[in-house]
Amino acid sequence: MAESTWRDWMEIWLTELAEYLPPAPGYELSLRLTDDREIQTYNANYRAKDRPTDVLAFASLEVDVPTDEEIRREEPLYLGDLIISVETARKQAEEHGHSPRRELAWLAAHGLLHLLGWDHPDETSLQEMLSLQEALLESVEIENG
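The chain appears in an unreviewed UniProt entry as Endoribonuclease YbeY from Pannus brasiliensis CCIBt3594. On record in UniProt, under Sequence similarities (unreviewed entry), the comment for the chain is "Belongs to the endoribonuclease YbeY family." The Function (unreviewed entry) comment attached to the chain in UniProt states, word for word, "Single strand-specific metallo-endoribonuclease involved in late-stage 70S ribosome quality control and in maturation of the 3' terminus of the 16S rRNA."

Right, dumping it as structure tokens:
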């Protein structure tokens, strides 16, 4: 079997997460893979944290944008933007003893959940989110390790 792509992962994950999605004929998001320097700029500008981070998610569903009902029935729903630092992902993969591919998938799944409104303000919600992330990775056959 050919190795899966980012697009494959997102399509599978959006199917898995259908109960958390508003109805739409399709879904879109942007994914930017970058380095620590660039993600630090975004983190400083949008979160007032002047340091690199692993993933940023800018959810479009958090903003009430008036739309024409006909457009909503015909056009894909834009979920938002994900930005992942490949540089940080590589470091974290080494620290956790798994592949950079797994770390990138983990960060993409984490960011996608944020786009859909998930958050982790406390330990219970964090554990729920991490459990769902692990299930998403299993759904695209990315093993732990």
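A. How the structure looks around the layout of surface pockets. By volume, the largest pocket is sized at about 530 Å³. Considering the residues around the largest pocket, the lining is formed by 26 residues, among which Asp54, Val55, His110, His114 and His120 are closest to the centre. Breaking the lining of the largest pocket down by element, the ones donating at least two residues are α2 (36–47), β2 (55–59), α4 (86–96), α5 (100–115) and α6 (123–139). It is α5 that provides the largest number of residues to the lining of the largest pocket, a total of seven residues. Grouping the amino acids of the lining of the largest pocket by side-chain chemistry returns 12 nonpolar, nine polar and five charged.

B. Looking closely at the packing of α4 against α5. Two elements in contact, α4 and α5, have axes whose closest approach is 8 Å; the angle formed by their N-to-C orientations is 115 degrees. In the crossing of α4 with α5, the sense of the turn from one axis to the other is right-handed. For the pair α4 and α5, contact is made by Val86, Ala89, Arg90, Gln92, Ala93 and His96 and by Pro100, Glu103, Leu104 and Leu107, respectively.

C. Looking closely at the environment of alanine 24. Its place among the elements puts alanine 24 in the loop between α1 (6–16) and β1 (27–34). Sequence separation of alanine 24 and tyrosine 78 is 54 residues, and the distance between their C-alpha atoms is 9.8 Å.

D. Spotlight on the pattern of salt bridges. Considering all chains together, one arrives at four salt bridges under this definition. Between glutamate 11 and arginine 7 there is a salt bridge, with the nearest N and O atoms lying 2.9 Å from each other. Linking glutamate 11 with arginine 7, this pair stays in helix α1, spanning four residues, or about one helical turn. In this structure arginine 7 comes out as exposed when scored by relative accessible area, which is 62%.

E. Looking closely at the nonpolar core. Formed by 30 residues in total, the largest nonpolar core has its most connected members in Trp13, Leu17, Leu79, Leu112 and Leu113. Of all elements in the fold, only α1, β2, β3 (77–85), α4, α5 and α6 reach the threshold of two or more residues within this core. Examining the composition of this core, we find that eight residues originate from one element, α5, more than from any other.

What counts, and at which threshold
Residues numbered from 1 in each chain as written. Predicted model: local features only at pLDDT ≥ 70, side-chain atom pairs only at ≥ 80, totals over all residues. Heavy atoms only, no water. UniProt positions renumbered as here; feature names shortened; annotations may be inferred. 1 Å grid on protein atoms, 1.4 Å probe; cavity = no way out; pocket = protein on both sides within 12 Å on 5 of 7 lines; lining within 4 Å. Points joined across faces, edges and corners; volume = space filled by probe spheres on them. Helix = DSSP H or I, 4+ residues; strand = E, 2+ residues; numbered from the N terminus. Nonpolar A, V, L, I, M, F, W, Y, C, P; charged D, E, K, R; others polar. Axes fitted to C-alpha atoms, helices over the stretch in contact; angles between N-to-C directions. Left-handed = near helix turned anticlockwise from the far one by under 90°. Contact = heavy atoms within 4.5 Å. Salt bridge = Lys/Arg side-chain N within 4 Å of Asp/Glu carboxyl O. Buried < 20%, exposed > 50% of the residue type's maximum accessible area, 1.4 Å probe, protein only. Core = buried A, V, L, I, M, F, W, Y, C linked by side-chain atoms within 4.5 Å.

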